[in-house]
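What the coordinates show
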2 protein chains.
Amino acid sequence: MNATATTPSLPAIPDTLTRSVEDYLKAIYRLSPEGQPASTSDIAHLLELSAPSVSGMVKRLSELGLLEHVPYKGVQLTDAGRRAALRMVRRHRLIEAYLVQFLGYGWDTVHAEAERLEHAVSDPLVERMAAALGHPVADPHGDPIPDADGAIHEPACTPLAGMSVGDTAEIRRVDERDAERLRYLASLGLVPGVAVTLRDRQPFGGPVTVEASGERHVIGPELAQVVLVRSEGDR
Amino acid sequence: MNATATTPSLPAIPDTLTRSVEDYLKAIYRLSPEGQPASTSDIAHLLELSAPSVSGMVKRLSELGLLEHVPYKGVQLTDAGRRAALRMVRRHRLIEAYLVQFLGYGWDTVHAEAERLEHAVSDPLVERMAAALGHPVADPHGDPIPDADGAIHEPACTPLAGMSVGDTAEIRRVDERDAERLRYLASLGLVPGVAVTLRDRQPFGGPVTVEASGERHVIGPELAQVVLVRSEGDR
DNA sequence: ACCTTGATTTAGGCTAGCCTAATAATTTCA
DNA sequence: TGAAATTATTAGGCTAGCCTAAATCAAGGT
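A quick note: this is a predicted structure, and the numbers were derived from the prediction, not measured.

Of the two same-sequence chains, chain A is brought onto chain B (RMSD 0.0 Å, axial shift 0.0 Å) by a rotation of 180 degrees. Those values place the two copies in the arrangement expected of a two-fold rotation axis. Interface residue correspondence from chain A to chain B reaches 100%, placing this contact among same-surface, isologous pairings.

Below you can see the structure in the form of structure tokens.
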């Protein structure tokens, strides 16, 4: 017995992770940016994999020291795991920003491309892109970009659905994953940086009416949930 | 029996190939751009894999209709295989050109990065890069870039080692794979576009002396083999 | 014509990741 | 509290790709 004795033989974290592993870490980070445990089934749902597949991978990742797993309770990233996850988040968001800025991509199509590229770019390339962009702090959807050390500042945002009638706020962030949704929001002019005023809300989870750039739009509740705003009052 | 009856059940070529398959096709293309058969062991050597691994993959690829294999004779790409290979060659060379032009890469470091990115980029991204570059016909090492339909024009080149003393020629192409070699060549000013005159050749495969940009350099025979030139006389 | 040599293929085994079906643990609710 | 529902894990199996060791084929020299 000559190891540092935490778990029975700890296989060091390999210097390069597989695509799968990177995707798991990103998913777990997304499910619990604050560090609360994420459930197996949530991970499975997000990655569109079966629950047993996730169970198996979770076991391997915890043996690698990338996360901690309490059976039937959930998983939490270790520091090493969170670092690796944030590295992927940084890559993803910088790639999106780069493709939009320099290669004419739209905010609706850029996610799929970044999803593959993030596993293939080298760290130096990521930093070159960051420099070419002038070290941006957010991607085209308003998602904050962690710095190279993994520090990230998540600005306080609330769903548009949570605004009160009469309130005015600025759109900060929009969930990036559904291209069609992004195209629809863009067609309405509901993009980050735009000021919106809530004009009406129907009861029982009904639609809301917002005014932006002088136009009024009726928005369904699930859409109003993925558009994040910052009230003029905050910070 | 309801198939078109060439081989006993032909599994259609999948729309996306794996990284491994893409690498095999590229390797086979490189070993036989003219279509002569490539040997198992040459493929194994180029990809740094064991011969049995290559044997197994070759079997699968021939079942997929990407190549034809005559046991103990060699493999030849089919039209579909060659098309897939040229698609990878186009990607690789355009990525190299893009990274050098827009992201400050040097010709010595760009190969490794392109080697990974070529498997991850989408066709539209490749075409956007090509457009941003103004549809170049060659990459930073002078290697010609196939067009989007897979047509490629390989300019007639001969190794510098094959020149006669007193001849003058233009450097056209340099093997891209060894970063250190590229750095050395660049330090001597021996890059594509430069005119060189052969001043001396030592017998028995000895070094050659070339003059370029007014300077003389002594070059070992294996280096003189990977620098390709076009004589002023040729086309 | 035979035998050695080198290239190639077959045999058998391994890991990473995925799956479905079956089992087990936890939570919920009557 | 105890059954039902939910959630997670184990069992067992699959493919892609890689490996080493063993067998086999193709040639070339005597």
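Strand pairs in the sheet, formed through backbone hydrogen bonds, run parallel or antiparallel to each other. All names here are of chain B. Pairing in this open sheet of six strands is antiparallel, and the strands run S3-S8-S4-S5-S6-S7 from one edge to the other. The open sheet terminates on both sides in strands that have one partner only, identified here as strand S3 (158–159) and strand S7 (215–219). Looking at chain direction, strand S6 (residues 208–212) and S7 are connected through five bridges and run antiparallel. Looking across to S7, one finds that Val 208 is bridged to Ile 219.

Residue and element names in this part refer to chain A. Confidence in the prediction for chain A averages 92 pLDDT; 94% of positions are at 70 or higher. Element-level mean pLDDT values for chain A span from 92 in helix H8 (residues 221–226) up to 98 in helix H6 (residues 123–133). Between residues 1–8, whose pLDDT stays under 50, and residues either more than four places distant or in other chains, the model counts two contacts.

Moving on to helix H5 (residues 110–117) of chain B. Where H5 of chain B is concerned, the buried positions are Val 110, His 111, Glu 113, Ala 114 and Leu 117 of chain B. All buried residues of H5 of chain B lie within an arc of 165 degrees about the axis, which places them on one face of the element. Those residues of H5 of chain B hidden inside the fold are in contact with helix H5 (110–117) and H6 of chain A together with helix H4 (79–102) of chain B.

The full set close to DNA strand D counts 20 residues, and Ser 55 and His 69 of chain A together with Thr 18, Ser 53 and Arg 60 of chain B are the nearest of them. Taking all atoms of DNA strand D within 4 Å of the protein, the share assigned to sugar and phosphate is 78%. Take Thr 40 of chain A: an N or O atom from its side chain is 3.2 Å from a phosphate oxygen of DNA strand D. Ser 55 of chain A is positioned with one of its side-chain polar atoms (N or O) 2.5 Å from a phosphate oxygen of DNA strand D. Mapped onto the surface near DNA strand D, the elements with two or more residues apiece are helix H2 (40–47) and helix H3 (51–63) of chain A together with helix H1 (19–31) and helix H3 (51–63) of chain B.

Quick look at the packing of H1 of chain B against H3 of chain B now. Residue and element names in this part refer to chain B. Between H1 and H3, whose axes approach to 11 Å, the crossing angle comes to 95 degrees. Taken together, the axis directions place H1 and H3 in an arrangement best described as roughly perpendicular. Packed against H1, whose contacting residues are Ser 20, Val 21, Tyr 24 and Leu 25, the element H3 presents Ser 53, Val 54, Met 57 and Leu 61 at the interface. Partitioned by chemical class, the residues of the contact of H1 with H3 number six nonpolar, two polar and no charged.

Moving on, we come to empty space enclosed by the protein. Within this structure, the stated rule accounts for one cavity of 30 Å³ or more. Contributing to the lining of the largest cavity are 16 residues, with Leu 117, Leu 125 and Met 129 of chain A together with Leu 117 and Met 129 of chain B lying nearest its centre. For the lining of the largest cavity, the secondary-structure elements that each account for two or more residues are helix H4 (79–103) and H6 of chain A together with H4 and helix H6 (123–133) of chain B. It is H4 of chain A that provides the largest number of residues to the lining of the largest cavity, a total of four residues.

On to the interface of chain A and chain B. Quite often, the size of an interface is put as the accessible area lost when its parts meet. The interface of chain A with chain B comprises 18 residues on the first partner and 18 residues on the second. In this assembly, chain A packs against chain B so that about 1400 Å² is buried in total across both faces, 56% of it on carbon and sulfur atoms. Counting across the chain A and chain B interface gives eleven residue pairs in polar contact (both at pLDDT 80 or more). With five residues, the top contributor of residues to the side of chain A that touches chain B is H6 of chain A.

Our focus in this paragraph is the sheet that holds strand S8 (residues 227–231) of chain A. All names here are of chain A. If you walk across this open sheet you meet the six strands as S3-S8-S4-S5-S6-S7, and the pairing is antiparallel. The strands lining the two open edges of the sheet, one partner per strand, are strand S3 (158–159) and strand S7 (215–219). Where strand S4 (residues 168–174) and strand S5 (residues 195–201) come together, three bridges link them in antiparallel fashion. Paired with Thr 168 across the strands is Thr 197, a residue of S5.

Inspection of the entire model under this criterion finds 28 salt bridges over all chains. In this structure, the salt-bridge partner of Glu 127 of chain A is Arg 90 of chain A, at a minimum N-O distance of 2.6 Å. Remark: Arg 90 of chain A occurs in helix H4 and Glu 127 of chain A occurs in helix H6; sequence separation between them is 37 residues. For Glu 127 of chain A, a relative accessible area of 30% translates into the label partly exposed. Between Asp 108 of chain B and Arg 183 of chain B there is a salt bridge whose closest N-O contact spans 2.9 Å. One end of the pair, Asp 108 of chain B, is in the loop between H4 and H5; the other, Arg 183 of chain B, is in helix H7 (residues 179–187), with 75 residues separating them in the sequence. Three or more residues joined by partner-sharing salt bridges are found here, namely Lys 26, Glu 115 and Glu 118 of chain A.

The rules behind the values
Residues numbered from 1 in each chain as written. Chains lettered and ligands numbered in written order. Predicted model: local features only at pLDDT ≥ 70, side-chain atom pairs only at ≥ 80, totals over all residues. Heavy atoms only, no water. Least-squares fit on C-alpha atoms with pLDDT ≥ 70 in both. Contact = heavy atoms within 4.5 Å. Pairing = 2+ DSSP bridges. Helix = DSSP H or I, 4+ residues; strand = E, 2+ residues; numbered from the N terminus. pLDDT = per-residue confidence, 0-100. Buried < 20%, exposed > 50% of the residue type's maximum accessible area, 1.4 Å probe, protein only. Arc of directions from axis to C-beta. Near = heavy atom within 4 Å. Polar contact = N/O pair within 3.5 Å; in protein donor to acceptor, adjacent residues only side chain to side chain. Axes fitted to C-alpha atoms, helices over the stretch in contact; angles between N-to-C directions. Parallel < 35°, antiparallel > 145°, perpendicular 65-115°, else oblique. Nonpolar A, V, L, I, M, F, W, Y, C, P; charged D, E, K, R; others polar. 1 Å grid on protein atoms, 1.4 Å probe; cavity = no way out; pocket = protein on both sides within 12 Å on 5 of 7 lines; lining within 4 Å. Points joined across faces, edges and corners; volume = space filled by probe spheres on them. Buried area = accessible area lost by both parts, 1.4 Å probe. Salt bridge = Lys/Arg side-chain N within 4 Å of Asp/Glu carboxyl O.

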